[in-house]
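What follows is the residue order along each chain.
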Amino acid sequence: MGAQKSIHAGKAKIDVNVDLTHKLCASLMVPPLRSGNGSPLSLIIGSLCIKHPNLFGGSEKLDVSWDKGLYDSNILVACRRPRPEWLAQQSFIIQHSLSPEIGVHGIPVDNFSRSCSGGVNLSKLSVGMDLSEPASSKWSSTTSIKFEHVRPVNDDGHSISRDGDGFPVTCSGRLHDSMVVLKQESRFAKADDSSFLQFSLQIEQGIPFLSKWLLFNRFKFVASKGIKVGPAFLLTKMMGGSIVGDMAPYQAFAIGGLASVRGYGEGAVGSGRSCLVANSELTFPLNKMMEGAVFLDCGTDFGSSLHVPGNPALRQGKPGSGFGLGYGLRFKSQFGHFQIDYAINAFQQRTVYFGLSNLAS
């Protein structure tokens, strides 16, 4: 239910992808986050990508991409300079994104099985540079330094400094937050025919070049292990993190949702300064194109929601910890991977998730 087209203009290549499949899934499963404006274009999900392999005649690579979702958008401009393989690869990045802040400011409904919009969206502009170190053995790392300008807006696109309850949505209390962020990410990956192990660690340091800019340290880790158990495959995953120093509500760790604790809406378990989420899933083949799955998810914010400015989790009645269990189906085809998950949370409320990924060209 989509269309793709590649156009060559000299040395540049333009990829256009208009996809209506996500719209169908969203209309079947996802409750409206906000009232629509009635424009047919607002219901289209798609992407536009322009690539140039030799921008200034020195093999500089330019990538320009625009991705549009039902309620979010992202524009990315990246210029990569040619470097020897043994040196760090440099990329100059300009990025602007607009997305609803459901994880922290969303309102849980139906016994926390869904999250509706709290009317807070984030307009984020970042400018900076990435340095990707050459991979050695099973390790790789990326260092970046970027200036970030974050501006909360309401559903009408107007800048706001407070949410619907009158609490600040920025750290500064103004209409925007500014910061310079130094980020280091290290990744480890090891795999063979019967198992795999992956680990990543992200550390972010806010540097206050000006007195009103944010000073903080934030870290996040993700570890996953997969192993074959006869014809089945067992996947376990753990994610956690914490932040100290200056903090805006939108920087909190949101717990709950398809990529976190299934059975809950996005961020419906909690949103705190710290978090720990664990997932385990067993998949088993049913035929050549279909797999069955059973899973158990759990997560907690360790009571750290009390230390988030404005304490949005307490005001929205989030429990702070929860678990979900269920089963699902995984479909594989030449068009991509499709999954259906049926989950129940600690409040005995049932939720169904649809997912679609890896669309083929």
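Thresholds, definitions, all that
Residues numbered from 1 in each chain as written. Predicted model: local features only at pLDDT ≥ 70, side-chain atom pairs only at ≥ 80, totals over all residues. Heavy atoms only, no water. Helix = DSSP H or I, 4+ residues; strand = E, 2+ residues; numbered from the N terminus. Buried < 20%, exposed > 50% of the residue type's maximum accessible area, 1.4 Å probe, protein only. Contact = heavy atoms within 4.5 Å. Core = buried A, V, L, I, M, F, W, Y, C linked by side-chain atoms within 4.5 Å. Pairing = 2+ DSSP bridges. Patch = residues over 30% accessible without salt bridge, like charges linked within 9 Å, V, L, I, M, F, W, Y side chains within 5 Å. Areas by Shrake-Rupley, 256 points an atom, 1.4 Å probe, with all protein chains shown as cover. Salt bridge = Lys/Arg side-chain N within 4 Å of Asp/Glu carboxyl O. Phe/Tyr/Trp six-rings, centres within 6.5 Å; stacked < 30°, edge-to-face > 60°. Lys NZ or Arg CZ within 6 Å of the ring centre and 35° of its normal. Polar contact = N/O pair within 3.5 Å; in protein donor to acceptor, adjacent residues only side chain to side chain. pLDDT = per-residue confidence, 0-100.

Enquirer: What is the right way to read the overall build of the protein chain from this model?
Expert: A tally of helices and strands in the protein chain yields 3 helices and 21 strands. Of all 361 residues assigned to the protein chain, the portion counted as buried reaches 37%. Across the protein chain, contacts joining residues at least 24 apart in sequence account for 55% of those joining residues at least 6 apart.

Enquirer: Sorry, what's going on with the nonpolar core here?
Expert: Soluble globular proteins: nonpolar side chains tend toward being buried together. The biggest cluster of nonpolar side chains holds 23 residues, and the ones touching the most others in it are Met179, Phe216, Tyr250, Ile255, Val261 and Tyr264. Within the residue set of this core, elements represented by two or more residues are β11 (177–191), β14 (232–245), β15 (253–255) and β17 (274–285). Contact partners of Tyr250, with chain neighbours within four places excluded, come to Glu101, Val104, Leu122, Val150, Val169, Thr170, Asp177 and Met179.

Enquirer: What is the right way to read the environment of Cys298 from this model?
Expert: Position of Cys298 among the secondary structure elements: in strand β18 (residues 290–300). In this structure the C-alpha to C-alpha distance between Cys298 and Ser280, which are 18 residues apart in sequence, comes to 9.2 Å.

Enquirer: Looking at this structure, I do not really get the pairing of β14. What am I missing?
Expert: Remember that side chains alternate between the two faces of the sheet whenever the strand is regular. The sheet contact formed by strand β13 (residues 216–229) and β14 spans 14 bridges and is antiparallel. Directly across from Asn217, in β14, lies its bridge partner Val244. Between β13 and β14, which pair antiparallel one after the other, the connecting turn spans 2 residues, and Gly230 there sits at a positive phi close to 65 degrees. Sheet topology places β14 next to β17; 10 bridges connect them, and they run antiparallel. By the bridge assignment for β17, Leu235 is matched with Glu281.

Enquirer: For this particular structure, what's the right way to read a nonpolar patch on the surface?
Expert: There is a patch of nonpolar side chains on the surface, built from Phe284, Leu286, Val294, Tyr327 and Leu329 and spanning about 420 Å² of accessible area. Its place among the elements puts Leu329 in strand β19 (residues 321–333).

Enquirer: Could you clarify how one ought to interpret the packing of aromatic side chains in this entry?
Expert: To describe a pair of aromatic rings, one takes the distance between the centres and the angle between the planes. Considering all chains together, one arrives at 6 aromatic pairs under this definition. Positioned above the aromatic ring of Phe253, the side-chain terminus of Arg218 is 4.1 Å from the ring centre. Stacked on the ring of Phe295, the Lys or Arg Arg262 has its end atom at 3.8 Å from the ring centre.

Enquirer: Hey, could you run me through the side chain of Thr142 in this one?
Expert: Along the chain, Thr142 turns up in strand β10 (residues 139–153). Judged by its relative accessible area of 17%, Thr142 is buried. A polar side-chain atom of Thr142 sits 3.1 Å from a polar atom in the side chain of Arg187. Setting aside anything within four residues of it in sequence, one finds Thr142 in contact with Asp130, Leu131, Ser132, Lys183, Gln184, Glu185 and Arg187.

Enquirer: Sorry if this is basic, but what is going on with the pattern of salt bridges here?
Expert: Here the idea is simple: oppositely charged side chains can pair when their charged atoms come close. On inspection of all chains with the given rule, the structure shows 15 salt bridges. The salt bridge involving Arg114 is made with Asp110; its shortest N-O contact spans 2.9 Å. Residue Asp165 pairs with Arg315 through a salt bridge whose shortest N-O separation is 2.8 Å. Here Arg315 lies in helix α3 (residues 312–315) and Asp165 lies in the loop between β10 and β11, a separation of 150 residues in the sequence.

Enquirer: What am I meant to see in unusual backbone geometry here?
Expert: Excluding glycine, residues mostly carry a negative phi; peptide bonds, for their part, are mostly trans. The phi angle at Phe112 is positive, at roughly 70 degrees, despite the residue not being glycine. Relative to the assigned elements, Phe112 resides in the loop between β7 (107–109) and β8 (114–116). One non-glycine residue, Asn311, lies in the positive phi region at around 45 degrees. The topology assignment puts Asn311 in the loop between β18 and α3.

Enquirer: Looking at this structure, I do not really get the environment of Leu48. What am I missing?
Expert: The topology assignment puts Leu48 in strand β3 (residues 45–52). Linking Leu48 and Lys68, residues 20 residues apart in sequence, is a C-alpha distance of 8.9 Å.

Enquirer: Sorry, what's going on with the confidence of the model for the protein chain here?
Expert: Should pLDDT be low for a region, the predicted coordinates there are not to be read in detail. Averaged over every residue, the pLDDT of the protein chain is 87; residues scoring 70 or more account for 86%. Low pLDDT, under 50, characterises residues 20–31; the stretch is placed with 18 contacts to residues that sit more than four places away or in other chains.

Enquirer: Got a minute to help me understand the side chain of Arg330 in this structure?
Expert: Counting through the fold element by element, Arg330 comes out in strand β19. Here the side chain of Arg330 touches Glu281 through a polar contact of 3.1 Å, side chain to side chain. Here the side chain of Arg330 touches Asp341 through a polar contact of 2.7 Å, side chain to side chain. Not counting chain neighbours up to four residues away, the residues in contact with Arg330 comprise Arg262, Glu281, Met289, Met290, Glu291, Ala293, Phe338, Gln339, Ile340 and Asp341.

Enquirer: I tried to follow the environment of Leu215 on my own but got confused; where do I start?
Expert: Mapped onto the fold, Leu215 is located in the loop between β12 (195–207) and β13. We classify Leu215 as partly exposed; its relative accessible area is 42%. The spatial distance from the C-alpha of Leu215 to the C-alpha of Val244 is 8.9 Å, given a sequence separation of 29 residues. Contact partners of Leu215, with chain neighbours within four places excluded, come to Gln205, Gly206, Pro208, Gly245 and Asp246.

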